[in-house]
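Residue-level listing of the chains:
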Amino acid sequence: MGVRGSLARQLLVWQLVVVTCLLCAVGVLAVTQAGSNFRTTEGRRVLSVAESVAAQEVVGDLENGPFELAAPAETARSLSGVDFVVIADADRYVLASPYPDQLRTRLGIGESTVLSGRSWVGELDGSIVAHVPVLDEKGGKVVRMVAAGSKSPGFFAGVLDSPDNALRVLGVALVIGVSGSLLLARRVKNQTLGLEPHEITALVENREALLHGIKEGVVGLDPQHRITLVNDHARDLLGLPEDALGRPVDELLDLNERIRDVLTGRATGADQIVLRQGKVLTLNRMPIDVRGAVVTLRDRTDLMTLRDELDASRHATDTLRAQAHEFSNRLHTISGLLELGEYDEVRGYVSRISSAQGEWRAEVGSRIGDPAVAALLIAKASLAAERGVGLRMAPDSELDRVEDGLSTDLVTVLGNLVDNALDALSSQKQGGEQGWIEVGVWQEEDEVRVEVRDSGPGVAPEIAEEVFEHGFTTKAAAHGQRGLGLALIRQACVRRGGSVEVHNSGGAVFTARLPR
C-alpha cells in the first residue's frame, strides 16, 4: 500500500465524492422544482381565497369598518390555511389584518396591478401573495383590496418535511456507489496484475530508463505491425526516421525486404542475420499473445569481422591440410617407386608434379600483382585439387598491386565466390567428369572486374537476384548460419559504389565490379 492508499480505497473515495456531488445536484434540482411547483399551486390557492373574501357583501360595503371586516378575513384565513388575509382601502391603509401592529399602516403592493382594477399574484417579502380589487357597484372604481398570502418554504424545507425519503435515497446511492467502486477496483486490479498506481508509474519510469539504457536495440510492434516503441540504440542500428512511431513497418521503404520480413514475423527463427548500413545485425522476434511482438537487435559487426578472420584461418588450415594430404600421397608414391628401384620413374614423377605446381604459381604471379589476391588463389588451388575440381585463370586476366582497402574487398569477393563455386560443384554429381572453376580478374581504368564461372548446374533466372539476399541459400546448413557469403559480396561491392550479378553460360557466372 502506498502513501495515498490502495487502488480500491482511492476508487471508493472518488466514487463517494461523485455520488455526493450527484446527490447534491439532484437535491438542488428537486428543491428548485418543488419551489416552482409550490409557487404555482400556492398562487392559485391564495388567489382563490382573496377572490372569495372580495366577493362578500360585507367587504364591499364601505360603511363597514375594521370591526366588521375582521371576522370574514379571519374566517377565510382559518378555513383555507393561508398565513394571512389583509383588507385595505383604496389608499392602501390596512383595515383588517391578523397582525395588530399592521392596522392603519400602508399595505406594500410592489409591482401589483390591483390599483388598476386587475387581480395580481406574485412574491412579496418571501411570501406568495394574491391581490384582488373590490370595485364599486358601477364596477369601475377600486374602493378596497384584499391580500391573501402564504410564506414560501426554505431551501431545504422539502427535504426536512420528508427526512425518511431523503435518507432512503442517500442510503441507496451510497450502497450503489460503494459496491460499484469495489467491483471497479477489482476489475482494474485484475487488469493491472494487482499493481497499485504508484507501482505502475514506477514500472513505466523503469521501463523507459531500461529501454534507453540497454546496449541492445528494442522495437515494439502491435498486431498491425505498427511500431509502438523504439529505443535509441534500435533507431541508430536500423536508421529509423524520427516519425517512425505509429507507422507500419511496410511503410518504412528505407528498410530492405529482409528486415521487414523479420520485424513482421514473415521470417521466423532465432538469431536472424540481416545487413543494414554496413552492419551485421542479429534480430530475435518474440510474439506477445495477440498484442503484437517485441524485436531485439544486436550489432554483430565486430563478431562477424572476427568470424571472417577465423574463416580465413580455417581456410588456411584446410589449405595446409589439403597440401599436407597431397604431399603425403606424393611421398608415399615416391617411396614406393624407390623400393621398386624405379629411379628414372621417380625423377619423371617429381619433375611432373613440380612442373604443375610451378606453372600455377608462375601463372598467378605473372598475372596478379597484388600479394594478398595472389596468395588467396594459390591457396584455393590446393583446396580445389583436394575436392577434385580444376581451378584455372581466364587467359587475359591481369591485376596490378592495389590499395589496401580494395585488396581486402577483392579477397572477400574472390574467396566467397570460389567457395560458393566449390560448394556447388561438390554437391553436383559429375559422373566421373571433373568439374572446373575459372577465375578472371581485370584491371580497368576506374574499376576492377572479377568474374568467376564454373561448370556447375547454374542459377535459375527467377532467383538471380534473390541469391544475394541475406540468409538465402540452396545448401543444407550443417553448421551455423548459411546464405551470408553472397550477401557479404554484394555489401562489399555496393559499399564501394559497385555491383554484383549472376547469369548462366554453361554454368553460373558471377561478375563483380569494384570501383577503384
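Here, every reference points to the structure presented above.
These numbers come from a predicted model, not from an experiment.

Student: Looking at this structure, I do not really get helix α13 (residues 485-495). What am I missing?
Tutor: Spacing of three or four residues puts side chains on the same side of an α-helix, whose turn is 3.6 residues. For α13, the complete set of buried residues consists of L486, A487, L488, I489, Q491, A492 and C493. One or two residues past the end of α13 sits G497, with phi positive at roughly 85 degrees.

Student: What is the right way to look at the sheet that holds strand β13 (residues 447-454) in this model?
Tutor: A sheet is described by the order of its strands in space; here five strands give the open sequence β11-β12-β13-β15-β14, paired in mixed fashion. Edge strands, defined here as strands with exactly one partner in the open sheet, are β11 (389-393) and β14 (499-504). Strand-to-strand twist in this sheet, taken as the mean axis angle between neighbours without regard to direction, amounts to 15 degrees. Sheet analysis places β14 next to strand β15 (residues 508-515), joined by six bridges and oriented antiparallel. Considered in β15, the bridge of N504 is made with A508. Helix α11 (residues 371-386) rests against β11 and β12 (435-443) of the sheet, and its axis sits at about 155 degrees to β11.

Student: Explain the pairing of strand β4 (residues 127-135) here, please?
Tutor: Every other side chain in a regular strand lies on the same face of the sheet, so the side chains alternate between the two faces. By the criterion of burial, β4 is predominantly enclosed, with eight of the nine residues buried. Judged from the five bridges that link them, strand β3 (residues 120-124) and β4 form a sheet pairing that is antiparallel. Bridged to L124 within β4 is S127. Between β3 and the antiparallel strand that follows it, β4, lie two residues; D125 among them carries a positive phi value of about 50 degrees. Pairing between β4 and strand β5 (residues 142-151): nine bridges, direction antiparallel. By the bridge assignment for β5, P133 is matched with M145.

Student: Explain the packing of aromatic side chains to me, please; I cannot follow it from the model alone.
Tutor: Each aromatic ring pair is summarised here by two numbers: the centre-to-centre distance and the angle between the ring planes. A complete count under the given rule lists zero aromatic pairs for this structure. Sitting above the plane of the W436 ring, R392 keeps its charged end 4.0 Å from the centroid. Across from the ring centre of W442, 4.3 Å away, lies the NZ or CZ of R449, which sits over that ring.

Student: What am I meant to see in the sheet that holds strand β7 (residues 227-230) here?
Tutor: Pairing in this open sheet of five strands is antiparallel, and the strands run β7-β6-β10-β9-β8 from one edge to the other. Looking at strand neighbours, the two that pair on one side only are β7 and β8 (272-276), the edges of this open sheet. Strand after strand, the sheet turns through a mean of 25 degrees between neighbouring axes, direction not considered. Direction of pairing for strand β6 (residues 217-221) relative to β7: antiparallel, over a ladder of three bridges. Within β7, the position partnered with L221 by the bridge is I227. Running at roughly 140 degrees to β8, helix α8 (residues 257-264) makes contact with β6, β8, β9 (279-287) and β10 (293-299) of the sheet.

Student: Can you help me understand the pairing of β9 in this one?
Tutor: One ladder, built from five bridges, connects β8 with β9; its direction is antiparallel. The residue of β9 that forms the bridge with I273 is T282. Here seven bridges tie β9 to β10, and the two strands are oriented antiparallel to one another. Residue pairing for β10: N284 is matched across the bridge by T296. What sits between the antiparallel neighbours β9 and β10 is a turn of five residues, in which D289 has the positive phi angle 50 degrees.

Student: Where do I start with the nonpolar core in this structure?
Tutor: Taken as a class, soluble globular proteins show a tendency for nonpolar side chains to be buried jointly. Judged by nonpolar contacts, the single largest core of 41 residues is most densely connected at I368, L410, I437 and V439. Broken down by element, this core gets its largest block of residues, nine residues, from helix α12 (residues 404-426). When near neighbours in sequence (up to four residues on either side) are disregarded, I368 contacts V373, A374, L377, M393, L399 and V441.

Student: It is not clear to me how the packing of α11 against α12 should be interpreted in this structure. Could you clarify?
Tutor: Helix-helix packing is characterised by the crossing angle of the two axes and by the distance between the axes. At a minimum axis distance of 10 Å, the contact between α11 and α12 shows a crossing angle of 15 degrees. Classified by the interaxial angle, the pair formed by α11 and α12 is roughly parallel. Judged by the sense of rotation from one axis to the other, the crossing of α11 with α12 is right-handed. From α11, A372, V373, L376, K380, L383 and A384 reach across to α12, where they touch S407, L410, V411, L414, G415, V418, D419 and L422. Residues of the contact of α11 with α12, tallied by class, amount to 10 nonpolar, two polar and two charged.

Student: Explain the pattern of salt bridges here, please?
Tutor: A side chain with one charge may pair with a side chain of the opposite charge, provided their charged atoms come close. Applying the stated criterion across every chain, the model contains 16 salt bridges. Salt-bridge contacts for E403 lead to R496; the nearest nitrogen and oxygen are separated by 3.2 Å. With E403 in the loop between β11 and α12 and R496 in the loop between α13 and β14, this pair connects stretches of sequence that are 93 residues apart. E403 sits in the partly exposed class, given a relative accessible area of 44%. Residue R496 is classed as partly exposed on the basis of its relative accessible area, which comes to 22%. For R453, the salt bridge goes to E451, with nearest N and O atoms at 3.1 Å.

Student: What should I look at first to understand a nonpolar patch on the surface in this one?
Tutor: A contiguous nonpolar surface patch, about 310 Å² in accessible area, is contributed by V13, W14 and V17. Mapped onto the elements, V13 comes out in helix α1 (residues 7-54).

Student: Explanation requested: the side chain of R92 in the structure shown.
Tutor: For R92, the position within the fold is in the loop between β1 (84-89) and β2 (94-96). With no salt bridge to any partner, buried R92 finds its closest opposite charge in D91, at an N-O distance of 7.7 Å. Setting aside residues no more than four positions away along its own chain, R92 makes contact with T105, R106, L107, G108, I109, L115 and M145.

Student: Got a minute to help me understand the environment of A244 in this structure?
Tutor: One can find A244 in the loop between α7 (232-238) and α8. Assessed through its relative accessible area of 0%, A244 is described here as buried. Remark: the alpha-carbon pair of A244 and V230, spanning 14 residues in sequence, is separated by 8.6 Å.

Student: How should I be thinking about the environment of M145 in this particular structure?
Tutor: Counting through the fold element by element, M145 comes out in strand β5. C-alpha separation for the pair M145 and G117, spaced 28 residues apart in sequence, amounts to 9.3 Å.

Quick notes on the rules
- Residues numbered from 1 in each chain as written.
- Predicted model: local features only at pLDDT ≥ 70, side-chain atom pairs only at ≥ 80, totals over all residues.
- Heavy atoms only, no water.
- Buried < 20%, exposed > 50% of the residue type's maximum accessible area, 1.4 Å probe, protein only.
- Helix = DSSP H or I, 4+ residues; strand = E, 2+ residues; numbered from the N terminus.
- Pairing = 2+ DSSP bridges.
- Axes fitted to C-alpha atoms, helices over the stretch in contact; angles between N-to-C directions.
- Contact = heavy atoms within 4.5 Å.
- Phe/Tyr/Trp six-rings, centres within 6.5 Å; stacked < 30°, edge-to-face > 60°.
- Lys NZ or Arg CZ within 6 Å of the ring centre and 35° of its normal.
- Core = buried A, V, L, I, M, F, W, Y, C linked by side-chain atoms within 4.5 Å.
- Parallel < 35°, antiparallel > 145°, perpendicular 65-115°, else oblique.
- Left-handed = near helix turned anticlockwise from the far one by under 90°.
- Nonpolar A, V, L, I, M, F, W, Y, C, P; charged D, E, K, R; others polar.
- Salt bridge = Lys/Arg side-chain N within 4 Å of Asp/Glu carboxyl O.
- Patch = residues over 30% accessible without salt bridge, like charges linked within 9 Å, V, L, I, M, F, W, Y side chains within 5 Å.
- Areas by Shrake-Rupley, 256 points an atom, 1.4 Å probe, with all protein chains shown as cover.
- Lys, Arg positive; Asp, Glu negative; His and termini not counted.

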